[in-house]
Amino acid sequence: MIRGAWGRDPLLPRAFSLLAVGPGGTADILAKTVGRGTALLERALPGAEVDVLGPLGSNFPEPQADTTDLLVAGGVGLPPLYMQAAVAADRRQVARSEMIYGGRGGDDLVLLREMEAMGLNLFLTTENGAVGTKGLVTKALEARLEHHRGTPIRVMGCGPNAMLWAVARLARDKGVPCFISLEEQMACGIGVCLGCAIPARSRPYRYVCSNGPVFDAADVLDVEVTAAPVAPAACPA
Amino acid sequence: MSAVNLAIETGGIAFRNPILTASGTFGYGREFEGLTDLRALGGLVTKGISPKPRFGNATPRICETASGMLNSIGLENVGVEGFERDKLPYLRECGTRVLVNFFGATFDEYVDCGARLDALDGVDGLEMNVSCPNIKAGGIEFGTDPRVLRDLVRACRAAIRKPLWIKLTPNTSDIVALAVACAEGGADGLSIINTITGMAIDARTRRPKIATIFGGLSGPAIKPIALRMVYQVRRAGVSLPISGIGGIQDATDAIEFFLAGASTVQVGTQSFVDPDASGRIVRDLEARLAADGIHDVRELVGALVVK
């Protein structure tokens, strides 16, 4: 959770994934301006102070020597998968990882040279066709799932939730284990505000901040919300 | 020994200082382990407990608003049994006063829940949330009708021996009448205020920003309303001590509530912004009083100057 010295407005810290962790307690994040909080972060000058609470939550399963990981990133959802690939590269297992990375246009795809330098196989897609294959990441994922059919593979995704559900359904239909890093409105990041609830099979709700953000897709995909007892609508707090 | 006295006995409980944490913003205490020193706080108020566990509302449940946030969590909680089994052992050892917030869907549920919590060792006091819809009365909040509120407080009072505070809803045209009703029902203290019902709309999607359409507004945006209500109750001469709640971010905010008439304050939404907010307010309050030559925080309570 990151917040600058913004006074009273915007009030809440913003959740970010770590892109990379450097020596001496430094860390990189990838930010895209989508609202006032991210706009203020983007405008922050070098040396500006920010409050950081973290790292929080869960991570993707570690790379395994005998398994191919299909990393599916949508736009600014790249960071945790970039870090996953970096971990694999450090362990000289990067040949077992593939990055399927999509955006609306070419400007949405960043850090390509860095990922190439890791030796990572990149499969790029853009909705306007400016870079890579024209279309959505799910199309590219389908082709890679087909390519690896019959070998041990896992899918790991991060991006807009709609993309993640599509990725998770595709993996489920192919019988492939899938882990997704979800996004939800949250205030605290530590399991207190209970704002970031996600309907789950293992419990009526799980929390993106403290149980996630990375979930086994089988636990959270297509869960019937009606199964959870719902409070009277007029009861706030 | 500190040169400044922050200790205060109020609402039937002796606190080491007047900074508490508000229900629903501090979990069951343990979530803040390592993030703030619970032993430095005056006390904490737990998430609201109901007789049975509740799983809460559909999502989205929260959204940020100007200098505040809306929430409609749906009073999700572990229930009395889960609280006793899983949460209370930690709270017994946590080194600060523990008030347990509670509620029910009916009179009987309120009384049952309050009585069961009252019997638990490690609970220093109870805070009753009366902002729940009374199903039998067509969904009107228990806490908005002074007669219903008085009867509810009286019924709970008869079943509860520990200090009983009532957390008033601000969704009323007459906060004083509600405070008087609580005094008549035999309460030991008032917590003023709960969240204010509000709404947020996404102009692009044309949808409400939270699933239940309406939610409770909290944060610095509501501080002027909370101060006004604390002061109104104080000025009306209601005999009960007040715990002030609403947008408290720093020691100055806390002092403003003391001046308006609160003898303790509860830090709410700010704990989301900074998990150590309440601890920092305790430290800053002590330093501020020392710098101002005020030897006892109790000097500030109700010391508003009105000409």
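Please read these numbers as outputs of a predicted model, since none were measured by experiment.

### Side note on the overall build of chain A
Thought 1: Check the secondary structure of chain A and you find six helices and 13 strands.
Thought 2: Against the 2.2 N^0.38 benchmark of 18 Å for 237 residues, chain A shows a C-alpha radius of gyration of 18 Å, consistent with a compact globule.
Thought 3: Here the C-alpha coordinates of chain A stretch approximately 50 × 50 × 35 Å along the principal axes.
Thought 4: Within chain A, the proportion of its 237 residues that are buried is 41%.

### A word on the domain arrangement of chain A
Residue and element names in this part refer to chain A.
Thought 1: Partitioning chain A into domains gives domain 1 (2-52) and domain 2 (68-220).
Thought 2: The gap between the C-alpha centroids of domain 1 and domain 2 is 22 Å.
Thought 3: The interface of domain 1 with domain 2 comprises ten residues on the first partner and ten residues on the second.
Thought 4: Counting residues per element, the side of domain 1 that touches domain 2 draws most heavily on strand β2 (residues 18-21), at three residues.
Thought 5: Each residue belonging to the side of domain 1 that touches domain 2 can be placed in one class, and the counts come to eight nonpolar, one polar and one charged.

### Section: the interface of chain A and chain B
Thought 1: Facing 33 residues of chain A, the contacting portion of chain B comprises 43 residues.
Thought 2: Of the residues in the side of chain A that touches chain B, the class split is 25 nonpolar, three polar and five charged.

### Topic: helix α1 (residues 79-92) of chain B
Residue and element names in this part refer to chain B.
Thought 1: In the structure, α1 departs most strongly from a straight axis at Asp-86, where the bend amounts to approximately 45° and where the proline Pro-89 lies between one and four residues downstream.
Thought 2: Looking at α1, one finds that the buried residues are Val-80, Phe-83, Lys-87, Leu-88 and Leu-91.
Thought 3: Those residues of α1 that are buried are in contact with β7 (97-102) and α2 (107-118).

### Quick notes on the sheet that holds strand β16 (residues 214-218) of chain B
Residue and element names in this part refer to chain B.
Thought 1: With antiparallel pairing, four strands are arranged side by side in an open sheet as β5-β6-β16-β13. Every interior strand has two partners, whereas the edge strands, β5 (62-65) and β13 (196-199), have only one. Across the sheet, the axes of successive neighbouring strands diverge by a mean angle of 40°, strand direction being ignored.
Thought 2: The sheet contact formed by β13 and β16 spans four bridges and is antiparallel. Directly across from Met-199, in β16, lies its bridge partner Phe-214.

### So, the sheet that holds strand β10 (residues 178-181) of chain A
By definition, the strands of a sheet pair up through backbone hydrogen bonds, in either a parallel or an antiparallel sense.
All names here are of chain A.
Thought 1: Read from one edge to the other, the open sheet built from seven strands follows the order β8-β7-β6-β5-β9-β10-β13, with strand pairing classed as mixed. Looking at the sheet topology across the chains shown, the edges are occupied by β8 (133-134) and β13 (214-216).
Thought 2: Pairing geometry for β10 and β13, over three bridges, is antiparallel. Within the sheet, the bridge partner assigned to Ile-180 lies in β13 and is Phe-215.
Thought 3: Across the face of the sheet, helix α5 (residues 161-173) comes into contact with β5 (68-74), β9 (153-158) and β10 while running at roughly 175° to β10.

### Observations concerning unusual backbone geometry
Glycine aside, a negative phi is what most residues show, and trans is what most peptide bonds show.
Thought 1: Of note, the amide linkage connecting Asp9(A) to Pro10(A) takes the cis form, showing an omega dihedral of 0°.
Thought 2: Counting through the fold element by element, Pro10(A) comes out in the loop between β1 (2-4) and β2.
Thought 3: Of the consecutive residues Ile192(B) and Ile193(B), the connecting peptide bond is found in the cis state with omega at 20°.
Thought 4: Not every positive phi belongs to a glycine, and Leu194(A) is a case in point at roughly 65°.
Thought 5: By the secondary structure assignment, Leu194(A) is in the loop between β10 and β11 (197-199).
Thought 6: Although it is not a glycine, Leu75(B) sits at a positive phi angle of roughly 55°.
Thought 7: Residue classification places Leu75(B) among the buried residues on the basis of 26 C-beta atoms within 10 Å.

### Points about the nonpolar core
The tendency in soluble globular proteins is for nonpolar side chains to be buried side by side.
Thought 1: Ranked by size, the top nonpolar core spans 153 residues in total, and within it Val167(A), Leu190(B) and Val230(B) carry the most contacts.
Thought 2: Counting contributing residues per domain, this core is built from domain 1 (2-52) and domain 2 (68-220) of chain A, each supplying no fewer than three.
Thought 3: Apart from residues lying up to four places away in sequence, Val230(B) is in contact with Ile192(B), Ile242(B), Gly244(B), Phe257(B), Ala260(B), Gly261(B) and Ala262(B).

### Here's the deal with the pairing of strand β12 (residues 189-192) of chain B
All names here are of chain B.
Thought 1: Both faces of β12 are covered, namely the face carrying Gly-189 and Ser-191 and the face carrying Leu-190 and Ile-192.
Thought 2: Taken together, the three bridges between strand β11 (residues 164-167) and β12 define a ladder with parallel strand orientation. Considered in β12, the bridge of Lys-167 is made with Ser-191.
Thought 3: Assessed by its sense of winding, the connection that carries the chain from β11 through helix α4 (residues 175-185) to β12 is right-handed.
Thought 4: Taken together, the three bridges between β12 and strand β17 (residues 242-245) define a ladder with parallel strand orientation. Within β17, the residue paired with Leu-190 across the bridge is Ile-242.

Each value, and the rule that gives it
- Residues numbered from 1 in each chain as written.
- Chains lettered and ligands numbered in written order.
- Predicted model: local features only at pLDDT ≥ 70, side-chain atom pairs only at ≥ 80, totals over all residues.
- Helix = DSSP H or I, 4+ residues; strand = E, 2+ residues; numbered from the N terminus.
- Rg over C-alpha atoms; globule rule 2.2 N^0.38 Å.
- Buried ≥ 20, exposed ≤ 12 C-beta atoms within 10 Å, placed from the backbone.
- Domains from an automatic or database assignment.
- Contact = placed C-beta atoms within 7 Å.
- Nonpolar A, V, L, I, M, F, W, Y, C, P; charged D, E, K, R; others polar.
- Bend = angle between axes of the 7 residues up to and from the residue.
- Pairing = 2+ DSSP bridges.
- Axes fitted to C-alpha atoms, helices over the stretch in contact; angles between N-to-C directions.
- Core = buried A, V, L, I, M, F, W, Y, C linked by C-beta atoms within 7 Å.
- Right-handed = clockwise from strand over helix to strand, strands pointing away.

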